[in-house]
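# Chains, contacts and geometry: an overview
Each chain, written out:
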Amino acid sequence: MNQDSENVDALLKLMALKRHEQPPPGYFARLPDKITSRIERGEGQLNFWERFLAGYTFRPAFAYSFALVAFGALGFSVINSVSTAPADSARELAGEGWRVATPREALASQVNLSDMPHVANWMGNTNAGAGGPALPSLFGPPDHSRAVPVSFQAGPP
Amino acid sequence: MHTKAEVEKLVSSQPAPEPQEAAEASEADDLTLVRRAQAGEDMGAYDQLVRRYQERLYATVYHMTSNHEDANDLVQETFIKAFRALKSFKGDSSFYTWIYRIAVNKTINFLKQRKNRVQMSLNDLDFNVENDPDLVALISEKTPRRSLHLSELQEKLNGALRKLSEHHRMVVVLHDVQGLSHEEVGRIMDCNVGTVRSRLFYARQQLQAHLSDYLK
């Protein structure tokens, strides 16, 4: 215990050294003028959000109460929407005579199966069994008769 | 390990350093100046408040950062921010506590952002240091202090302080260096006296460990 006390005494004596550290001569004579001129130049002017937050910085109780109310409202709205939204929407749809479609009906409503495009397979066939005019194979020799001339120069070709 | 009672006895047995002369400026006087500054943008009144507290605020920030340039910037920003926010000062606490709190928060945020990237730029020691009997005794008693210059000791001390966390360092600076009471430190740091005492005890233990060669 005495040893501890002596060590603390020695430490406090050592800490006294800090009080002898001084800024450059004349520093404190110039500092107020620098601060005043910066204030007069309009530095540090608070915008709306900074003024809003400054109130909370200096009065933490307001900040805590604001955060509590905000999170409470958010939590309430989330819980409320999760518990009521599916039931409400199902009820609304049923009231309008809606029913859930089967997967086949849903697909048929989106895609006309009798008008499917021809797609070349790996052997170059273009779905010939489906009828209709045969389209050129992507893998066959190029058909230059179908080429469209293109010019990148200005004026008539 | 120490019991809680031992800790409190050890901490409270240490004499608090002499309060500084400027600390005796009356709160009522401060409030008058604040009201004048609040009412009509009276820069003269605010200038007086700056002159009254600049040295103490600078010292606090400087001892925290160990860097004159950073301390200079932070003190200026503190006074500018305080001026802009002066309308929100209701007088619930003293102006002194209020502006100290701004400086402390600004400094702790600055140190957290910069982490260990703050370079030491130590101020010179004044001439009186040569006449300080405690310090003279400290460097002339035993090895390795005998061969140690004051400037080296200053570097070691600042290095040890920088190893403390921001909150522990702040308590040591405010109490052991600046001489504020536990209650004042608690008000400034927005914590209770028990927390101040335990932080102070822990910080001193850390400093003793880091500076053991110079405390024998």
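Not measured: the values here are computed from a predicted model.

### Describing the interface of chain B and chain A
Contact residues are listed per partner, giving 42 residues for chain B and 33 residues for chain A. Where the side of chain B that touches chain A is concerned, the elements lending two or more residues are α3 (43-65), α4 (68-84), β1 (124-125), α6 (133-140), α7 (150-162), α8 (166-177) and α10 (193-210) of chain B. If you tally residues by element for the side of chain B that touches chain A, the top one is α3(B), at eight residues. Broken down by class, the residue content of the side of chain B that touches chain A amounts to 20 nonpolar, eleven polar and eleven charged.

### Examining the packing of α4(B) against helix α5 (residues 95-114) of chain B
All names here are of chain B. Relative to each other, α4 and α5 sit at 130 degrees, their axes nearing to 9 Å. As judged from the angle between their axes, α4 and α5 are oblique. Judged by the twist between their axes, the crossing of α4 over α5 is right-handed. Two secondary-structure elements touch here, α4 through L74, E77, T78, K81 and A82 and α5 through I99, I102, A103, K106, T107 and F110. Taken together, the residues that form the contact of α4 with α5 break down as six nonpolar, two polar and three charged.

### Quick word on unusual backbone geometry
What you tend to see is this: most non-glycine residues have negative phi, and most peptide bonds are trans. All names here are of chain B. Here S66, not a glycine, exhibits a phi torsion of approximately 55 degrees, which is positive. When you line up the elements, S66 lands in the loop between α3 and α4. You can call S66 buried: it has 24 C-beta atoms within 10 Å. Its identity as a non-glycine residue notwithstanding, D190 has a phi of 60 degrees, on the positive side. If you trace the backbone, D190 turns up in the loop between α9 (182-189) and α10.

### Some remarks on the environment of Q22(A)
Residue position: Q22(A) is located in strand β1 (residues 21-22). Among the residues examined, Q22(A) registers 18 C-beta atoms within 10 Å and is labelled partly exposed. Among all residues touching Q22(A), those that are not within four sequence positions of it are N123(B), D124(B) and D126(B).

### Some points on the confidence of the model for chain B
Mean pLDDT over chain B stands at 81; residues scoring 70 or higher make up 78%. Listed scores for the predicted complex are pTM 0.63 and ipTM 0.76.

### A short note on the nonpolar core
Residues and elements named next belong to chain B. The biggest cluster of nonpolar side chains holds 56 residues, and the ones touching the most others in it are V61, I99, V171 and V172. Residue contributions to this core peak at ten residues, all from α3. With near-sequence residues (within four places) excluded, V172 lies in contact with L161, L164, V177, L200 and A203.

Definitions and limits used
- In this convention, every chain numbers its residues from 1, walking through the sequence in written order.
- All chains are assigned letters beginning with A, and all ligands numbers beginning with 1, in the order in which they are written.
- Local features in this predicted model are restricted to residues whose pLDDT is 70 or higher, and side-chain atom pairs enter the listing and the counts only when it is 80 or higher, whereas totals over whole chains, interfaces and linings include all residues.
- We call two residues in contact if the C-beta atoms placed from their backbones are at most 7 Å apart.
- Secondary structure elements are taken from DSSP: a helix is a run of H or I of four residues or more, a strand is a run of E of two residues or more, and numbering for both begins at the N terminus.
- Under the scheme applied, nonpolar residues are Ala, Val, Leu, Ile, Met, Phe, Trp, Tyr, Cys and Pro; charged residues are Asp, Glu, Lys and Arg; polar residues are all the others, including Gly.
- Convention adopted: a line fitted to C-alpha atoms gives each axis, helices being fitted over their contacting stretch, and angles between N-to-C directions are expressed from 0 to 180 degrees.
- With respect to orientation, any angle under 35 degrees is reported as roughly parallel, any angle over 145 as roughly antiparallel, any angle of 65 to 115 as roughly perpendicular, and every other angle as oblique.
- The crossing is said to be left-handed when, going from far helix to near helix, the turn is anticlockwise and less than a right angle, and right-handed when the turn is clockwise.
- For the exposure call, what matters is how many other C-beta atoms sit within 10 Å of a residue's own: 20 or more marks it buried, 12 or fewer exposed, and in between partly exposed, using C-beta atoms placed from the backbone.
- Every residue carries a pLDDT, the predictor's confidence in it, which falls somewhere between 0 and 100.
- Only buried residues count toward a nonpolar core: Ala, Val, Leu, Ile, Met, Phe, Trp, Tyr and Cys, linked into one set through C-beta atoms within 7 Å.

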